[in-house]
Amino acid sequence: SYTGIDPDCTYPVGETTITAIATDNAGNSASCAYTVTVNDDENPNAICQDISVDPDEDGNYAIDADAVNDGSTDNCAIESITVDPSSIPCFHDATEQIVTLTVTDIHGNSSMCTATVTLGGDADCDGVGDACDQCPGGNDQVDNNEDGFPDCAVFPGQENLIAAWK
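The following refers to the structure shown.

Criteria and cut-off values
- Residues numbered from 1 in each chain as written.
- Predicted model: local features only at pLDDT ≥ 70, side-chain atom pairs only at ≥ 80, totals over all residues.
- Heavy atoms only, no water.
- Helix = DSSP H or I, 4+ residues; strand = E, 2+ residues; numbered from the N terminus.
- Contact = heavy atoms within 4.5 Å.
- Areas by Shrake-Rupley, 256 points an atom, 1.4 Å probe, with all protein chains shown as cover.
- Core = buried A, V, L, I, M, F, W, Y, C linked by side-chain atoms within 4.5 Å.
- Buried < 20%, exposed > 50% of the residue type's maximum accessible area, 1.4 Å probe, protein only.
- Pairing = 2+ DSSP bridges.
- Axes fitted to C-alpha atoms, helices over the stretch in contact; angles between N-to-C directions.

## Focus on the overall build of the chain
And then number 1: Counting its secondary structure elements, the chain contains 1 helix and 9 strands.
And then number 2: Going residue by residue from the N terminus, the α and β elements of the chain occur as β-β-β-β-β-α-β-β-β-β.
And then number 3: Partitioning the contacts of the chain with sequence separation of at least 6, the portion at a separation of at least 24 is 45%.
And then number 4: Surface summary for the chain: the accessible area is close to 10100 Å², and the carbon and sulfur share equals 47%.

## Things to note about the nonpolar core
And then number 1: Judged by nonpolar contacts, the single largest core of 17 residues is most densely connected at Ile63, Val68, Val83, Val99, Leu101 and Val117.
And then number 2: Elements with a minimum of two residues in this core: β4 (51–53), α1 (65–68), β8 (96–105) and β9 (110–119).
And then number 3: It is β9 that contributes the most residues to this core, 4 residues altogether.

## Focus on the sheet that holds β8
Strand pairing within a sheet occurs via backbone hydrogen bonds; the two strands may be parallel or antiparallel.
And then number 1: Taken together, 4 strands build an open sheet; the order of strands is β4-β9-β8-β6 and the sheet is mixed. With one partner strand each, in any of the chains shown, β4 and β6 (78–84) form the two edges of the open sheet. Between one strand axis and the next, the sheet turns by 30 degrees as a mean value, whatever way the strands run.
And then number 2: Relative to β8, β6 is paired through 6 bridges, and the arrangement is antiparallel. Note that in β8 the partner of Thr82 across the bridge is Thr102.

## A short note on unusual backbone geometry
And then number 1: Of note, the bond from Asp84 into Pro85 is cis; its omega dihedral lies within 30 degrees of zero at 0 degrees.
And then number 2: Positive phi is not limited to glycine here, since Glu146 has a value of about 55 degrees.
And then number 3: With respect to the helices and strands, Glu146 occurs in the segment after β9.
And then number 4: Residue Glu146 is classed as exposed on the basis of its relative accessible area of 70%.

## Notes on the pairing of strand β3 (residues 29–38)
And then number 1: With 10 bridges joining them, strand β2 (residues 14–23) and β3 adopt antiparallel strand pairing. By the bridge assignment, Thr17 is partnered in β3 with Thr35.
And then number 2: Linking β2 back to β3 in an antiparallel pair, the connection comprises 5 residues, with Gly27 at a positive phi of about 90 degrees.

Right, dumping it as structure tokens:
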């Protein structure tokens, strides 16, 4: 008879020492030890969902990795789930932003997915949250005279006006 490896047994990730014993019909036995090594080389399955986020009182947007995560899984266990960027400032490029979710398992394997975050609180859709708007109903990103101020808040001077405005 032979004892040692149970074919129905699963081994944890890492090294496991197995001792096998062989016994003949006369009762003589011999044993040996060997190591079984199990590696986790399977990446997690990152699953994203699109979300909408409203700004805080300062007009900034906090992006929660758990809100972007839509049930990511791993064959062992998940160590961390992070999102980049995790915040978007009051002044941003557009009302829809792409974020990347990274899922890392306990053995260092990782995978990523992307999601669209729709930013609320930008009623005039100019890429500046309402809390930071200097041009409510206008476009805060227009700075024809390049003085660092939106043209609707500070007169840019006659020479810097767009021709169609003169």
